[in-house]
Amino acid sequence: DTLAPFRVESVWYRHSSFPLTTIWDGAKQAWDGLRQLLQGPLGTARVPGYAQSVISAAIQDIYLFLFLVLGVIGLVGVLWRLGAVYGLYTLALLVLALADPVSLQPLASLPRYELVIFPLFIWGARWLMRSRFTAYAIPALAVLLGLFTVEFATWRWVA
C-alpha cells in the first residue's frame, strides 16, 4: 500500500494537532505529574502504557515540559542573537515537532526532535561561554551524560 506511511500514525497514537494545543496539553500533564509527585497518587493510580510506574510517568511528563521550556527559551535566544534565518528555521522545526503529538503523552519524543535543531546548540554555546555559569555547567552536563547513559544502557526511558 503506497499510502501506508500516512496511515501508520494511528498505530503509534499520533495525530495532527495545533501546536498551541499540544503545548497546553503538555503543560497540564506536567502539572498533574508535579502534583502527583508532591501529593502522591490521587484516587486509583493508573500506570500509563509508556511508563514503568506512576512516579516514572510523572517524572517523564515534567522532564518533557522542561525540554519544551528550554526549546522556547532557546528559540527566543536564537531569534535575538543569530538572526531571522536561524530563528525561522528553529521555529519551523519546533512547530513541526509540536504539530504531531502522541495521544498518551503530548510532548513525547520532543527531546529527540530538539536534538537536531542546531541553532539551539549554537546559541546555547554562545550563551554559556559568556555567562558566569560555565564552571558549573560542564560538571552538570557530565553528570547528566552519565545519568542518560545509565538510562539507555538499562533499557529505560531516555527521550
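### Overview of unusual backbone geometry
- A positive phi angle is found at serine 109, which is not glycine, with a value near 70°.
- By the secondary structure assignment, serine 109 is in the loop between helix H4 (84-98) and helix H5 (110-114).

### Comments concerning the layout of surface pockets
- Reported here for the largest pocket is a volume of approximately 1200 Å³.
- Lining the largest pocket are 26 residues, with Phe67, Leu70, Phe121, Leu141 and Leu144 sitting closest to its centre.
- The set of elements that each furnish at least two residues to the lining of the largest pocket consists of helix H3 (54-81), H5, helix H6 (118-130) and helix H7 (134-153).
- Of the residues in the lining of the largest pocket, the class split is 21 nonpolar, three polar and two charged.

### Observations concerning H4
- An ideal rise of 1.5 Å per residue puts 21 Å on 15 residues; H4 measures up with 21 Å between its terminal C-alpha atoms.
- Inspection of H4 places Gly87, Thr90, Leu94, Ala97 and Leu98 among the buried residues, and these make up the whole buried set. On an axial view of H4, the arc spanned by its buried residues comes to 95°, and they lie on one face. Projecting away from the buried face of H4 at angles above 90 degrees are the exposed residues Ala84, Val85, Leu88 and Leu96.
- Among the structural elements, helix H2 (19-39), H3, H5 and H6 are those in contact with the buried residues of H4.

### Points about the nonpolar core
- If you look at the biggest cluster of nonpolar residues, it comprises seven residues: Leu75, Val78, Leu82, Leu94, Ile117, Leu120 and Trp123.
- At the level of secondary structure, the elements contributing two or more residues to this core comprise H3 and H6.
- Beyond its immediate sequence surroundings of up to four residues, leucine 120 is in contact with Gly71, Gly74, Leu75, Val78, Thr90 and Glu114.
- In terms of nonpolar packing, the next biggest core, distinct from the first, is built from six residues, Ala97, Leu98, Leu107 and Leu110 among them.

### Here we look at the environment of proline 111
- One can find proline 111 in helix H5.
- Assessed through its relative accessible area of 10%, proline 111 is described here as buried.
- Sequence separation between proline 111 and phenylalanine 67 is 44 residues, and the spatial gap between their C-alpha atoms is 6.3 Å.

### As for empty space enclosed by the protein
- Summed over the entire model, instances satisfying the criterion amount to two cavities of 30 Å³ or more.
- Volume-wise, the largest cavity comes out at about 40 Å³.
- If you trace the largest cavity, you find 10 residues lining it, with Ala97, Pro106, Leu107, Ala108 and Tyr113 closest to the centre.
- For the lining of the largest cavity, the elements supplying multiple residues, two or more each, are H4 and H5.
- Looking at the second largest cavity, its volume works out to about 30 Å³.
- Lining the second largest cavity, in full, are Gly26, Gln29, Asp61, Leu64, Gln105, Pro106 and Leu107.

The rules behind the values
Residues numbered from 1 in each chain as written. Predicted model: local features only at pLDDT ≥ 70, side-chain atom pairs only at ≥ 80, totals over all residues. Heavy atoms only, no water. Helix = DSSP H or I, 4+ residues; strand = E, 2+ residues; numbered from the N terminus. 1 Å grid on protein atoms, 1.4 Å probe; cavity = no way out; pocket = protein on both sides within 12 Å on 5 of 7 lines; lining within 4 Å. Points joined across faces, edges and corners; volume = space filled by probe spheres on them. Nonpolar A, V, L, I, M, F, W, Y, C, P; charged D, E, K, R; others polar. Expected span 1.5 Å × (residues − 1). Buried < 20%, exposed > 50% of the residue type's maximum accessible area, 1.4 Å probe, protein only. Arc of directions from axis to C-beta. Contact = heavy atoms within 4.5 Å. Core = buried A, V, L, I, M, F, W, Y, C linked by side-chain atoms within 4.5 Å.

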